[in-house]
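For reference, the chains in residue letters:
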Amino acid sequence: MDPRYAFFIWMSFGIAAAMVLWNVLSPRIERNQLKRRLSEAAEDPAESEA
Amino acid sequence: MNWTWFHRLGSPPYFFQLAERWAPWLMALALALIVVGCGAGLFYAPKDYQQGDAFRIIYVHVPTAAISLSIYAVMAVAGAVALIWRMKLAEVAVVAAAPIGASFTVVALATGMLWGKPMWGAYWVWDARLTSELVLLFLYLGVIALHNAFSDARAAARACAWLALIGVVNVPIVKFSVDWWNSLHQTASILKLGKPSITGDMLWPLLMSLAGFYLLFGAALLRRMQNHLLWRERRASWVQDWLETR
């Protein structure tokens, strides 16, 4: 690979990889938080109203 | 023709179960296509005779830019369905698609800047294509902000649906900006009517990458819609049943 362009190429693919990871992981993390929140609300109904 | 399957898609528990089954497969296929498409783009595709290796940025820039437009179009269609038929799943689709669209637009802009510097000599120019794509990012951020500004999920989704519908006017402006105005940005070479103007060795990795990023959007949308449904339907018996099985 031409070293003049290596920085631009690898940065582009790196940013895209970060976006792919974010789209894979963030819904999972959100779901785990939601599950915990809903389970806590089910144990304490007063909290679910809040 | 029997439309029962289509009407059943409008039911939150049915949709949730369907997404639960399909999302992991879509995600796996998406990642495989992205790895093969981008890998072939980096290491297999021949150098461009004018741009040399710098052209390889096409394998992430073109798919993310094209999908950033498609996602907004999907949001506008879902917004129209939400406003006309008050369908809960369409409301959820509008708000769930916005962060995904914003992430694709950020990558399209960033990779465009990284491609622009070695080719044009500047990271940014206030060109019609770049500026309208930046407006698209602001529209996505506007939908996200609007959704967070309301405490009532239904009212928030309806406001987002209006913004998605109004903002869709920007989609053809982004797409045709390179034809309508003098632009540093090149005109369409792949996503156009007729034959693409790049060689097959360069084209197939790009098509794989494009398909992979589209599937990634589909899988991420299903997952985010599931999360929104869980929260909005948290008092429904199907959510309680689902929680008990976890």
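Residues numbered from 1 in each chain as written. Chains lettered and ligands numbered in written order. Predicted model: local features only at pLDDT ≥ 70, side-chain atom pairs only at ≥ 80, totals over all residues. Heavy atoms only, no water.

Student: Please clarify how unusual backbone geometry should be interpreted in this entry.
Tutor: The general pattern is negative phi for most residues beyond glycine and trans for most peptide bonds. All names here are of chain B. The phi dihedral of Arg86 falls on the positive side, at around 50°, and the residue is not glycine. Structurally, Arg86 is set in the loop between helix 3 (58-85) and helix 4 (88-120). Overall, the relative accessible area of 53% leaves Arg86 in the exposed class. (Helix = DSSP H or I, 4+ residues; strand = E, 2+ residues; numbered from the N terminus. Buried < 20%, exposed > 50% of the residue type's maximum accessible area, 1.4 Å probe, protein only.)

Student: What's the story with the pattern of salt bridges in this structure? I'm lost.
Tutor: Pairing is possible between side chains that carry opposite charge, provided their charged atoms lie close to one another. Residues and elements named next belong to chain B. The full count for this structure, using the stated rule, is 7 salt bridges over all chains. Linking Asp53 and Arg56 is a salt bridge whose minimum nitrogen-to-oxygen distance equals 2.9 Å. Of the two residues, Asp53 and Arg56, neither departs from the other in class, the shared state being buried. (Salt bridge = Lys/Arg side-chain N within 4 Å of Asp/Glu carboxyl O.)

Student: For this particular structure, what's the right way to read the environment of Trp22(B)?
Tutor: As for its placement among the helices and strands, Trp22(B) is situated in helix 2 (residues 12-43). Sequence spacing of Trp22(B) and Ala155(B) is 133 residues, and the spatial spacing of their C-alpha atoms is 29 Å.

Student: Explain the interface of chain A and chain B to me, please; I cannot follow it from the model alone.
Tutor: How big an interface is tends to be stated in terms of the accessible area lost upon association of its parts. Each side of the interface is counted separately: chain A has 29 residues, and chain B has 44 residues. Together chain A and chain B conceal approximately 3,100 Å² of surface at their shared face, both sides included; 74% is due to carbon and sulfur atoms. Our enumeration of links across chain A and chain B arrives at 2 salt bridges. If you look at where chain A meets chain B, you find 6 residue pairs in polar contact (both at pLDDT 80 or more). Of all the secondary structure elements, the ones that give two or more residues to the side of chain A that touches chain B are helix 1 (3-43) and helix 2 (45-49) of chain A. (Contact = heavy atoms within 4.5 Å. Buried area = accessible area lost by both parts, 1.4 Å probe. Polar contact = N/O pair within 3.5 Å; in protein donor to acceptor, adjacent residues only side chain to side chain.)

Student: Sorry, what's going on with the confidence of the model for chain B here?
Tutor: Detail in the predicted coordinates should be disregarded across regions flagged by low pLDDT. All names here are of chain B. Per-residue pLDDT for chain B averages 91, and the proportion of residues at 70 or more is 96%. Here helix 1 (residues 4-8) stands out as the least confident element of chain B, with mean pLDDT 76; helix 3 is the most confident, with 96. This complex was scored by the predictor with a pTM of 0.92 and an ipTM of 0.90. (pLDDT = per-residue confidence, 0-100.)

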